[in-house]
Amino acid sequence: MIAPLEVEAIRRDFPVLERDTDSGHRLVYFDNAASTQRPVAVIEAMNDCYRHYYSNVHRGIHTLSEESTRAYEAARQITADFLNAASTREVIFAAGTTAAINTVARSWGDANIGKGDVILLLISEHHANIVPWHQLAERTGCVVKFVPIDDEFLIRDEVIAKHLAEHQPKLFAFGAASNTLGTEYPVQRWTQMGHDAGATVLVDAAQAAPHWAIDVQAWDADFVVFSGHKVCGPTGIGVLYGKEALLEAAPPFLGGGGMISRVTVDGFTTHELPEKFEAGTPPIVEAVGLGAALTYLQNLGMDRIHQHEQRLGTRCDQGLREIEGVRVIGPQPEHKGGINSFVIQGVHSHDVSQFLDGRGVAVRAGHHCTMPLHDALGVTATARASCYLYNTEDEVDVFLQAVRDVRAKFAPTGRRRRRRSETSGDSPADSAKLTS
């Protein structure tokens with residue numbers, strides 16, 4: 001049995017959770033799928049670097065440079081351990097998940113993808129795992145294809161197998177978890193299926209790394225990417241993991257200082273991995289912060305974090321489904337973590353978000369950088385509540401009451417029905433399919 005998180009103690013590590021919003025209500029931060037908050041350990045680690053030993057890294061002979069270099073490379077080792085990578089040579093620091101995927105597209109993609117080749121994606125992918133492949137298609141003439149979801153918001157193994165067999169993709173790129181649906185996908189199984197079909201596999205772990213343990217060797221994916229700001233770390237840094245042989249063979253994307261071994265008037269030779277893909281001054285202090293964040297998460301225990309989020313996510317999901325006029329955009333709780341997207345009949349998601357903000361509840365509204373998914377579902381926008389390790393069941397209840405109040409305020413059946421529902425407390429589930 002996994003021991004539960006000590007959430008009240010954890011919350012004391014996050015100063016921002018102690019504040020009130022402009023409405024005067026205590027902050028309930030349910031926008032974690034967009035970006036998480038920072039614990040004191042991360043803030044202090046970055047502050048310590050700036051205050052006591054910051055300098056540019058590598059090749060510096062003075063004390064500050066050597067100390068900064070040690071801290072920077074220590075963060076790489078922490079990241080390699082977090083991923084269970086075989087070597088730090090397989091861990092590249094990038095500006096974020098988007099930059100990491102673009103690096104693969106411009107480096108490995110330009111070198112290996114040609115006219116008529118197929119790149120297979122899920123319809124639920126974030127734009128960061130769609131647009132770089134469209135751009136690659138414009139450069140090379142390759143074709144981008146999508147795997148659909150079913151009426152239960154799921155993608156079955158047999159559908160993956162069908163599309164792999166039909167399209168024989170050169171690259172199969174998919175998110176480990178959907179940032180809109182919340183669905184958690186079977187990474188290791190789908191990676192094996194991709195490899196069996198002859199595809200190189202890239203996994204976008206931006207919505208997995210904060211929430212459950214990652215083992216890139218067990219996954220066997222060729223590339224794995226995630227962002228620092230979603231794992232309680234700073235913005236401006238992310239991680240590209242790649243199998244060493246693939247990174248060795250791929251040409252560098254960016255050129256300049258740091259990624260070279262030698263430069264002459266006739267050309268240049270690249271540095272060894274991982275510097276080969278880290279041109280220019282790297283995100284030094286951000287790497288220190290990322291290392292502190294990953295250490296913080298590992299000390300809590302990724303299995304404990306995942307268990308906590310699933311409990312909160314289930315409470316959110318079940319509560320939303322009990323509110324008349326609310327439709328959950330996502331599968332049943334057993335298929336997802338702490339993300340719940342939803343629409344309220346007759347109310348635009350932006351208005352939902354604004355109303356909830358008046359109750360101190362921060363949620364995201366819009367298409368969540370998943371326009372193709374929203375188009376496929378026939379919805380223009382959704383509201384999204386996403387829980388994390390520092391959220392509580394009481395906060396879920398505050399959120400659900402705020403959603404009930406939105407529904408009561410804007411219920412299309414009029415003032416009389418609203419008064420009755422407010423006084424009776426009845427909230428039968430709405431079985432109608434909402435399309436806007």
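What follows covers the pattern of salt bridges. For the structure on display, the rule yields 24 salt bridges. A salt bridge links Asp220 to Lys243, with the nearest nitrogen and oxygen atoms 2.8 Å apart. Residue Asp220 is found in the loop between helix H8 (216–219) and strand E7 (223–227), and its partner Lys243 is found in the loop between strand E8 (238–242) and helix H9 (244–249); the two are separated by 23 residues along the sequence. For Lys243, a relative accessible area of 22% corresponds to the partly exposed category. Its salt-bridge partner being Glu393, residue Arg311 comes within 3.5 Å of it at the nearest N-O pair. With Arg311 in helix H11 (residues 302–321) and Glu393 in helix H14 (residues 393–410), this residue pair connects regions lying 82 residues apart in the sequence. The class for Arg311 is partly exposed, based on a relative accessible area of 34%. Through salt bridges with shared partners, a single ionic network connects Arg89, Glu244, Glu248 and Glu272.

It is worth spelling out the packing of aromatic side chains at this point. As enumerated under the stated definition, the model contains 14 aromatic pairs in all. Geometrically, the ring pair formed by Tyr50 and Tyr54 is tilted, given 5.9 Å between the ring centres and 40° between the ring planes. What makes Tyr54 partly exposed here is its relative accessible area of 37%. Of the aromatic side chains, those joined through ring pairs into one cluster are Phe14, Tyr296, Tyr388 and Tyr390. Above the face of the Phe410 ring, Lys409 is positioned so that its terminal group lies 5.7 Å from the ring centre.

To continue, consider the layout of surface pockets. The computed volume of the largest pocket comes to approximately 400 Å³. As for the largest pocket, its lining consists of 24 residues, of which His126, Asn179, Gln207, Lys230 and Cys369 are closest to the centre. Each residue belonging to the lining of the largest pocket can be placed in one class, and the counts come to 7 nonpolar, 12 polar and 5 charged.

Burial analysis of strand E15 (residues 382–386) places 5 of its 5 residues in the buried class, which makes it a mostly covered element. Alternating positions in E15 separate into two faces, Thr382, Arg384 and Ser386 on one and Ala383 and Ala385 on the other, with burial throughout. Both strand E12 (residues 339–344) and E15 contribute to a ladder of 4 bridges, which runs antiparallel. Of the residues in E15, the one forming a bridge with Ile339 is Ser386. Relative to E15, strand E14 (residues 364–366) runs antiparallel, the two being bridged by 3 bridges. Within E15, the position partnered with Gly366 by the bridge is Thr382.

The next thing to look at is empty space enclosed by the protein. Empty space among the atoms becomes visible once a probe the size of a water molecule is rolled across them. In total, this model carries 2 cavities of 30 Å³ or more according to the counting rule given. The volume enclosed by the largest cavity comes to roughly 80 Å³. In terms of lining, the largest cavity is formed by Ala177, Ser178, Gly182, Glu184, Gln207, His211, Glu309, Gly337, Gly338, Ile339 and Cys387. Counted as a void, the second largest cavity has a volume near 40 Å³.

Here Ala197 is to be found in the loop between helix H7 (187–196) and strand E6 (200–204). Overall, Ala197 belongs to the buried group, its relative accessible area being 17%. Residues within four places of Ala197 in sequence aside, it is in contact with Leu164 and Gln168.

Attention now moves to the nonpolar core. As a rule of thumb, nonpolar side chains are buried together in soluble globular proteins. Core analysis: the biggest nonpolar cluster contains 81 residues, and Phe172, Phe226 and Leu389 have the highest contact counts within it. For this core, the leading source of residues is helix H10 (residues 284–300), giving 11 residues. Beyond its immediate sequence surroundings of up to four residues, Phe172 is in contact with Leu120, Leu122, Ile160, Leu164, Trp190, Gly194, Ala199, Thr200, Val201 and Leu202. If you look at the next biggest cluster of nonpolar residues, it comprises 27 residues, including Ile92, Trp108, Ile130 and Phe223.

Glancing now at the sheet that holds E6. Taken in spatial order, the 7 strands make up an open sheet running E2-E8-E7-E6-E5-E3-E4, and their pairing is mixed. Looking at which strands have only one partner, the edges of the open sheet turn out to be strand E2 (91–94) and strand E4 (143–147). When the angles between neighbouring strand axes are averaged without regard to direction, this sheet yields 20°. With 5 bridges joining them, E7 and E8 adopt antiparallel strand pairing. Pairing of Phe223 across the sheet is with Gly242, part of E8. Set on the sheet, helix H4 (residues 97–112) makes contact with E2, strand E5 (171–175), E6, E7 and E8; between it and E7 the angle comes to about 150°. On the sheet, helix H5 (residues 131–140) packs against strand E3 (118–122), E4, E5 and E6 and is oriented at approximately 150° with respect to E4.

Calculation rules
- Residues numbered from 1 in each chain as written.
- Predicted model: local features only at pLDDT ≥ 70, side-chain atom pairs only at ≥ 80, totals over all residues.
- Heavy atoms only, no water.
- Salt bridge = Lys/Arg side-chain N within 4 Å of Asp/Glu carboxyl O.
- Helix = DSSP H or I, 4+ residues; strand = E, 2+ residues; numbered from the N terminus.
- Buried < 20%, exposed > 50% of the residue type's maximum accessible area, 1.4 Å probe, protein only.
- Phe/Tyr/Trp six-rings, centres within 6.5 Å; stacked < 30°, edge-to-face > 60°.
- Lys NZ or Arg CZ within 6 Å of the ring centre and 35° of its normal.
- 1 Å grid on protein atoms, 1.4 Å probe; cavity = no way out; pocket = protein on both sides within 12 Å on 5 of 7 lines; lining within 4 Å.
- Points joined across faces, edges and corners; volume = space filled by probe spheres on them.
- Nonpolar A, V, L, I, M, F, W, Y, C, P; charged D, E, K, R; others polar.
- Pairing = 2+ DSSP bridges.
- Contact = heavy atoms within 4.5 Å.
- Core = buried A, V, L, I, M, F, W, Y, C linked by side-chain atoms within 4.5 Å.
- Axes fitted to C-alpha atoms, helices over the stretch in contact; angles between N-to-C directions.

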